[in-house]
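Survey of secondary and tertiary structure
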Amino acid sequence: MSQEADAGGWLRLDPRMLAVAPAQEIVRFIPLLIAAVIAGGRGGGQWWWLFGALGAVVGLGVLRWLTTRYRVTAERMELRSGLLFRQHRSVPRDRIRTVDVTAKPLHRMFGLGVLRIGTGQHERGRNGELTLDAVSSAEAERLRAVLLDRSTVAPSTLDGPAGGGVELARLSWAWLRFAPLTVLGVASVGALFGGVWQLLNEAGFDVTDIGAVRGAVDWLTGRPVGVVIVAAAAVLLVTGVLGALVRYVEAWWGYRLTREPDGTLRVNRGLLTRRSVSLEERRLRGVEVDEPLLLRAGRGARLNALATGSGSGDRSALMPPAPRAAAHQVAAAVLRTPAEQAPTTRPLRRHPLAALRRRLVRAVTPAAIAVLAFWAAGARHALPYWPAVAAAAVLLPASVLLAVDRYRNLGHAVAGEHLVVGSGSLVRRTVALRRSGIIGWRVSRSVFQRAAGLATATAVTAAGAGAYEVRDCDLTAAIALTRS
Amino acid sequence: MSEQTADPVAALRQPAHRVSRRAIVWWTVRALIGWLVVLAPATVAVLVVPQRPPGAVAALVVLVLLAATHTAVMPRWRYHVHRWEATDDAVYTQAGWLNQEWRVAPMSRIQTVDTERGPLQQLFGLATVTVTTASAAGALRIEGLEVRLAGELVEQLTATTQATPGDAT
């Protein structure tokens, strides 16, 4: 803390931001710079506006540093910013639910971190978040401790060992085998590939000029379609797996989940960008074990926290994709139940067979319509008949399997302090929700459900997705749930 | 998880009060306006366009029949389903017609209580009371209450929730 507060207790962001913010903007300008260098070979006039823009960006950064101030009073956290559009945001301290620190590589070089203070209020597009970009690691740690807990805590830094926390989980390199089973990896490679391609094209660079690429293209153009498809799939698969591995390592390097003495759960992770996510334990309402199809096939799972004010997504992740058994074990530790009695592993009460019928109808109907459409096209000679046969051979069994699996995963149980709900197939979800965190119930019954004697009971909560559905259970069970 | 009752529907605590009878008229008018928005342009199109596609008249007739059935059936059906009750512990609502929903929110979890009156509701002297909780998953709504009753309900709920400690999450 190289800064002193003024009379009102107002503090500035770290002065090192004067160097980091322009550097960040310059990094962002690099693609434009490259484009300008390549395009600028002919007309020399483009240089001055580029430097003008850079100067303006640097100036804005300085201005932002000069105008941003924050302070923590006994009751509130306040943030002032802006010159033309002055903002004064003020959050009661007892509304603060999460404090996250993120340090991108550039920030880390200067020992800085971006502090995000979450309040869990989602009003009209505002996410109710205060962001301090950026403060020193020590100041971030001090604020984290001050804002989340009212007693003092031994200081620890973003990269160093957490002070006095109990470790609940840490990264095991054997878990890396789950990285290729995440679809995101493949998708991210696609995005990266597309981005690079576009950048090169914009720079007026023809990719097919590269000897190796040209050679590959020439070799492929002479081959049958099947070979081309297999080759493309192989390239995509290999790059996808590599991308997933890189992504996993970047996101989860040095992962530790700890329970801090100040009553927070804390996730530290990240190779280049370090993240530290803190979650007040009294805001925790339960956990969710997610098993997307691929991960499930490899006996893996993901673990997310359901907490008021943290919503869903990246910041609720408690664990990387890991073995299912480990996920359940950590879930038990997080929920403070004995490891052998993890609520998420409880046997669930099956729902009536009518629920299976509903799942079959829903899955098979679209498949049957698709098959019929292909068949009709065949009858009108718009298509040959084989697509219809292929669709019938693939879609119909697949839809039946999907429906049966969805039914098998469907269920609920009341396990001690928790309501456990199972659902899904492509992503199997097991939610363990603390019963004291349920703030209301809904029981809805459509015409078809009434005819089948079924009901959907929905537990309403302030955490996570806000509502967790126990779908298609019998009405008596639904009523029993609302009274439990 | 033990209760097994003979009539499960009755066991789902039926809220005690019906909404105002005038709500039937309100729902009818609302449905009529909604259908008018669809049917008026469709009718004009059928009458004006010289080369109408085959079956256009039949489609319009089907649409009109659908509108008539909906407008006749929906409001009365709704009136039989819609119910509400506020006890010392919780607020209960029941709503819908084809798809029905029953909701409960404990008093200790209620955050805000609002009333709202659209132009139509004002015309019929009705109001909607909205009870919100800390969840993002939607609020309890009691539609079609008499204005005076709605005001009393809001006062009662506000008083009860203020007396209940906690931050309602």
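These figures come from a predicted structure and were not determined experimentally. (Residues numbered from 1 in each chain as written. Chains lettered and ligands numbered in written order. Predicted model: local features only at pLDDT ≥ 70, side-chain atom pairs only at ≥ 80, totals over all residues.)

**Quick word on the overall build of chain A**
The line we're drawing: Per the convention used, a helix needs a DSSP run of H or I reaching at least four residues, while a strand needs a run of E reaching at least two, with both numbered from the N terminus. C-beta atoms are first placed from the backbone for all residues, and any pair lying within 7 Å is then listed as a contact.
Helix and strand counts for chain A come out as 13 helices and 20 strands. For chain A, long-range pairs separated by at least 24 residues make up 56% of all intrachain contacts whose partners lie at least 6 apart in sequence.

**Some details on the overall build of chain B**
Rules: To assign burial, the other C-beta atoms lying within 10 Å of each residue's own C-beta are counted, with C-beta atoms placed from the backbone; 20 or more indicates buried, 12 or fewer indicates exposed, and intermediate counts indicate partly exposed.
If you tally the helices and strands in chain B, you get 5 helices and 7 strands. Helices (α) and strands (β) of chain B occur, in sequence order from the N terminus, as α-β-α-α-β-β-β-β-α-β-β-α. In chain B, which comprises 169 residues, the proportion classed as buried is 25%. Contacts in chain B between residues at least 24 apart in sequence constitute 57% of all its contacts with a sequence separation of at least 6.

**Let's talk about the pairing of strand 15 (residues 411-415) of chain A**
For the record, the criterion: Should DSSP find at least two bridges between two strands, the strands are regarded as paired.
Direction of pairing for strand 15 of chain A relative to strand 16 (residues 418-423) of chain A: antiparallel, over a ladder of 5 bridges. Bridge pairing in strand 16 of chain A places H412 of chain A opposite V421 of chain A.

**Section: helix 11 (residues 386-409) of chain A**
All names here are of chain A. What counts is decided by this rule: Here a helix's expected span is defined as the number of its residues, less one, multiplied by 1.5 Å.
With 24 residues, helix 11 ought to run about 34 Å at 1.5 Å a step, and its terminal C-alpha atoms sit 34 Å apart, in line with that. Considered for burial, the residues of helix 11 that qualify are A388, S399, A403, R406 and Y407. For helix 11, the secondary structure elements touched by its buried residues are helix 10 (353-379).

**Digging into the sheet that holds strand 3 (residues 90-96) of chain B**
Just so we agree on the cut-off: In this description, a line fitted to the C-alpha atoms serves as the axis of each element, helices being fitted only across the stretch in contact, and the angle between N-to-C directions of two axes falls anywhere from 0 to 180 degrees.
The 7 strands are arranged 20(A)-19(A)-18(A)-4(B)-3(B)-2(B)-1(B) in an open sheet whose pairing can be described as antiparallel. Each edge of the sheet is formed by a strand with only one pairing partner; in this case those strands are strand 20 (467-474) of chain A together with strand 1 (17-18) of chain B. Of the strand pairs in this sheet, strand 2 (residues 83-86) of chain B and strand 3 of chain B are connected by 4 bridges, and their pairing is antiparallel. The residue bridging E85 of chain B from the neighbouring strand is Y92 of chain B, located in strand 3 of chain B. Strand contacts of helix 13 (residues 475-483) of chain A: strand 18 (438-445), strand 19 (454-461) and strand 20 of chain A together with strand 4 (100-106) of chain B, with the helix running at about 145° to strand 20 of chain A, the strand carrying the most contacts.

**Some words on the packing of helix 10 of chain A against helix 11 of chain A**
All names here are of chain A. Where we set the bar: When describing relative orientation, an angle under 35 degrees is termed roughly parallel and one over 145 degrees roughly antiparallel, while 65 to 115 degrees is termed roughly perpendicular and anything else oblique. Only Asp, Glu, Lys and Arg are considered charged, only Ala, Val, Leu, Ile, Met, Phe, Trp, Tyr, Cys and Pro nonpolar, and every remaining residue, Gly among them, polar.
At a closest axis distance of 8 Å, the pairing of helix 10 and helix 11 adopts a crossing angle of 170°. In terms of axis orientation, helix 10 runs roughly antiparallel to helix 11. In this structure, helix 10 contributes A355, L356, R359, L360, A363, V364, A367, A370, V371, F374, W375 and G378 to the contact, and helix 11 contributes P387, A388, A391, A392, L395, L396, S399, V400, L402, A403, R406 and Y407. In terms of residue class, the contact of helix 10 with helix 11 is made up of 20 nonpolar, 2 polar and 2 charged.

**Some remarks on unusual backbone geometry**
Residues and elements named next belong to chain A. The peptide bond linking D133 to A134 adopts the cis configuration, its omega dihedral lying at 5°. Tracing the backbone through its elements, the reader meets A134 in strand 7 (residues 129-136). Positive phi is not limited to glycine here, since R336 has a value of about 60°. Positionally, R336 belongs in the loop between helix 9 (324-334) and helix 10.

**Observations concerning the sheet that holds strand 7 (residues 140-146) of chain B**
All names here are of chain B. On the basis of which strands lie adjacent, the open sheet formed by 3 strands has the order 5-6-7 and antiparallel pairing. Strands at the two margins of the open sheet, each flanked by one partner only, are strand 5 (110-116) and strand 7. Across the sheet, the mean angle from the axis of one strand to that of its neighbour is 20°, orientation sign disregarded. Pairing analysis gives 6 bridges linking strand 5 to strand 6 (residues 126-133), with the strands arranged antiparallel. The residue bridging I110 from the neighbouring strand is T133, located in strand 6.

**Describing the confidence of the model for chain A**
Under the convention used in this document: Confidence per residue, as judged by the predictor, is encoded in pLDDT with a range of 0 to 100.
In the predicted model, chain A carries a mean pLDDT of 82, and the fraction of residues at 70 or more is 85%. Note that residues 150-162 of chain A has pLDDT below 50 and, in this model, 31 contacts with residues that lie over four places away or in other chains.

**Overview of the environment of A398 of chain A**
Residues and elements named next belong to chain A. Inspection of the secondary structure assignment puts A398 in helix 11. What makes A398 partly exposed here is the crowd of 13 C-beta atoms within 10 Å. Linking A398 and V447, residues 49 residues apart in sequence, is a C-alpha distance of 28 Å.

**Focus: the nonpolar core**
Heads up, the condition is: By convention the nonpolar core is taken to be a set of buried residues drawn from Ala, Val, Leu, Ile, Met, Phe, Trp, Tyr and Cys and joined through C-beta atoms within 7 Å.
Residues V287, L303, L318, M319, V330, A331 and A478 of chain A are the most contacted members of the largest nonpolar core, which totals 90 residues. Counting residues in hydrophobic clusters, the runner-up holds 24 residues, among them M17, A103, L112 and L148 of chain A.

**Section: the packing of helix 2 (residues 22-48) of chain B against helix 3 (residues 56-81) of chain B**
Residues and elements named next belong to chain B. In the contact formed by helix 2 and helix 3, the axes pass within 8 Å of each other and the chain directions differ by 175°. On the basis of the axis angle, helix 2 is roughly antiparallel to helix 3. Class assignment of the residues belonging to the contact of helix 2 with helix 3 gives a composition of 18 nonpolar, 4 polar and 2 charged.

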